[in-house]
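Here are the chains, one letter per residue:
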Amino acid sequence: MSEKFFMAIDAGHGRYSGGNRCMAALDPNQTAEWVLGDRVARAIAERARLYEGFRTIRVDDASGEEDVRLGVRCDRANEAGVDFYLSCHFDAGICGGYGGGVTAFCVALGGEAERYRDELYSAVTAAGGLQGNRANPLQTANFYVLRNTDAPAVLMEFGFMDSPSDVPVILQERYTTAVGHAVADCLAEMKGLKRIGSFVDVLPDTYCYQAVEWAVKEGITVGTGDDRFSPEDPCTRAQAVTMLWRHWGRPKVQAEHPFVDVEAGSFYEEAARWAYAEGITVGTGDGCFSPEDACTRAQVVTMLYRAAGSPAVTEEQGFADVPEDSYCAKAVAWAKAKGITAGVGDNCFAPEDACIRGELVTFLYRA
Ligand SMILES: [Zn+2]
């Protein structure tokens, strides 16, 4: 049986009211506490989507416009029946002697909330960026949301907005994303939740999910950063030939290639050399490979077909938009017969459309 976990999150205060601002001397924009807390809250919610049964709810106003009263936040969490409540804050008051770093609070010791507090604190400080608060990192406090939620609750201060060492760190999205991910990963591990995907934009209900997970595991491609694969982004010819080359085991060939626009030492140079030597591509004419051009669906299928050794094809491809005398007709017929593509609907193949990343990986997976 798969586990489930339901968590309430607030980003502390609102965009305009309450909370602190980064000290002007350290941050001329005087970034509001809500802005940073919201980044953490979003990163938690997004990361949670990679786990089966991990649901989140924002009990504040995620636009930041309204400073939702604490009583309302607690009511929302209680009515939703969450398993856990986390309030995301950034602190100030270093001049009062608290020092910089991360601080975590629960209402009392000895309960489940304390365990959450300690586990999250460990995960967040291990995520890189900031250490724990020097003076008193793990505290109890009688804060409203800690006291008035039915579920165990924790309030975290993810850094100090008036600390010369903290501010440059907490202003970086890399930091707020990292701690948000650390929170979600930590909770998922505590609850034994199963990770279901590598990318928030390619979840199991996406057509290319299996192909993408396979391609990443095989080292054929990586994501585009921030837990994303960007399946809708068009592939360049450089990217396409590289994925093809990796899929074929990264063969090294000694032959020269004639392409004037393939930069020595570029990530796709070996792939372009191989593709030329194997007759998989002859380039785009005039001694060019056009690495930065979008790779069309016709080009991708043609490269795949040639990489497979240009096998004889008896079936006709029959797509309305692929004339039989087209350079890609045989390749398309082969791909269709092998179940690599069924076209784009309406009996069309859309040969001149840019091949998007999700499609390319799907073609490779099926080839
Ligand atoms: Zn606060």
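Definitions and cut-offs
- Residues numbered from 1 in each chain as written.
- Predicted model: local features only at pLDDT ≥ 70, side-chain atom pairs only at ≥ 80, totals over all residues.
- Helix = DSSP H or I, 4+ residues; strand = E, 2+ residues; numbered from the N terminus.
- Buried ≥ 20, exposed ≤ 12 C-beta atoms within 10 Å, placed from the backbone.
- Contact = placed C-beta atoms within 7 Å.
- Pairing = 2+ DSSP bridges.
- Axes fitted to C-alpha atoms, helices over the stretch in contact; angles between N-to-C directions.
- Core = buried A, V, L, I, M, F, W, Y, C linked by C-beta atoms within 7 Å.
- Parallel < 35°, antiparallel > 145°, perpendicular 65-115°, else oblique.
- Nonpolar A, V, L, I, M, F, W, Y, C, P; charged D, E, K, R; others polar.
- Domains from an automatic or database assignment.
- Expected span 1.5 Å × (residues − 1).
- Arc of directions from axis to C-beta.

Trainee: An account of the overall build of the chain is needed here, citing residue identities and associated values.
Mentor: If you tally the helices and strands in the chain, you get 12 helices and 6 strands. Oriented by its inertia axes, the alpha-carbon framework of the chain measures out at about 75 × 45 × 35 Å. The buried share among the 367 residues of the chain stands at 45%. Counted over contacts in the chain with a minimum sequence separation of 6, partners at least 24 positions apart contribute 76%.

Trainee: Outline the sheet that holds strand 6 (residues 153–160), supporting the account with residue identities and numerical values.
Mentor: Taken in spatial order, the 6 strands line up as 2-1-3-6-4-5 in an open sheet, and their pairing is mixed. Among the strands making up the open sheet, the edge pair consists of strand 2 (54–58) and strand 5 (138–140). Strand-to-strand twist in this sheet, taken as the mean axis angle between neighbours without regard to direction, amounts to 25°. Pairing geometry for strand 4 (residues 103–106) and strand 6, over 3 bridges, is antiparallel. Bridge pairing in strand 6 links T103 to E157. Sitting on the sheet, helix 6 (residues 173–191) is in contact with strand 1 (5–10), strand 2, strand 3 (84–91) and strand 6, with an inclination near 155° to strand 1.

Trainee: Now, about the nonpolar core: what can you tell me, with residues and values included?
Mentor: One finds I44, L86, V124, V154, M156, F158 and V183 to be the most contacted residues of the largest nonpolar core, which totals 60 residues. The leading source of residues in this core is helix 1 (residues 33–48), at 8 residues. Among residues more than four places away in sequence, those in contact with V124 are V102, M156, F158, V179, A182 and V183. A211, V212, A271 and A335 belong to the second largest nonpolar core, which has 50 residues in total.

Trainee: Pulling in residues and values, what's your account of the packing of helix 8 (residues 237–247) against helix 9 (residues 269–277)?
Mentor: Between two packed helices, both the angle of their axes relative to each other and the distance between the axes serve to describe the pair. Close contact between helix 8 and helix 9 brings their axes to 8 Å; oriented N to C, the two are set at 75°. For the element pair helix 8 / helix 9, the angle class is roughly perpendicular. Packed against helix 8, whose contacting residues are V241, T242 and W245, the element helix 9 presents E270, A271, A272, W274 and A275 at the interface. Across the contact of helix 8 with helix 9, the residue classes break down as 6 nonpolar, 1 polar and 1 charged.

Trainee: Report on the domain arrangement of the chain, specifying residues and quantitative values.
Mentor: Structurally, the chain comprises domain 1 (5–191) and domain 2 (209–366). For domain 1 and domain 2, the distance between their C-alpha centroids amounts to 45 Å.

Trainee: Residue-level account of the packing of helix 7 (residues 209–217) against helix 12 (residues 357–366), with values.
Mentor: For the pair helix 7 and helix 12, interaxial distance at closest approach is 8 Å and the crossing angle is 75°. For the element pair helix 7 / helix 12, the angle class is roughly perpendicular. Along the contact surface, helix 7 presents Q210, A211, V212, W214 and A215, while helix 12 presents G358, V361, T362, L364 and Y365. Taken together, the residues of the contact of helix 7 with helix 12 sort by class into 7 nonpolar, 3 polar and no charged.

Trainee: Now, about the environment of D10: what can you tell me, with residues and values included?
Mentor: With respect to the helices and strands, the residue D10 is situated in strand 1. Sequence separation of D10 and V212 is 202 residues, and the distance between their C-alpha atoms is 33 Å. Among residues more than four places away in sequence, those in contact with D10 are R58, V59, D60, R73, S87 and C88.

Trainee: Tell me about helix 3 (residues 112–126), and name the residues and values.
Mentor: The first and last C-alpha atoms of helix 3 sit 21 Å apart over 15 residues, in line with the 21 Å expected at 1.5 Å per residue. Taken as a whole, helix 3 has its buried residues at A113, Y116, R117, L120, Y121 and V124. Along the long axis of helix 3, the arc covered by the buried residues comes to 125°, so they all point the same way. Buried positions along helix 3 lie against strand 3, strand 4, strand 5, strand 6 and helix 6.

Trainee: Hey, could you go over unusual backbone geometry for me, with residue numbers and the actual values?
Mentor: Positive phi, normally seen in glycine, also occurs at R250, with a value near 50°. The residue A350 is not glycine, and still its phi comes out positive at about 55°. Inspection of the secondary structure puts A350 in the loop between helix 11 (329–337) and helix 12.

Trainee: Explain helix 10 (residues 297–307) residue by residue, including any values.
Mentor: Helical periodicity: at 3.6 residues per turn, an α-helix aligns residues three or four positions apart in one direction. For helix 10, a buried count of 10 out of 11 residues is recorded, marking the element as mostly surrounded by other parts of the structure. Summarising the contacts, the buried residues of helix 10 are in contact with helix 8, helix 9, helix 11 and helix 12. Just downstream of helix 10 lies G309, where phi reads positive at about 95°.

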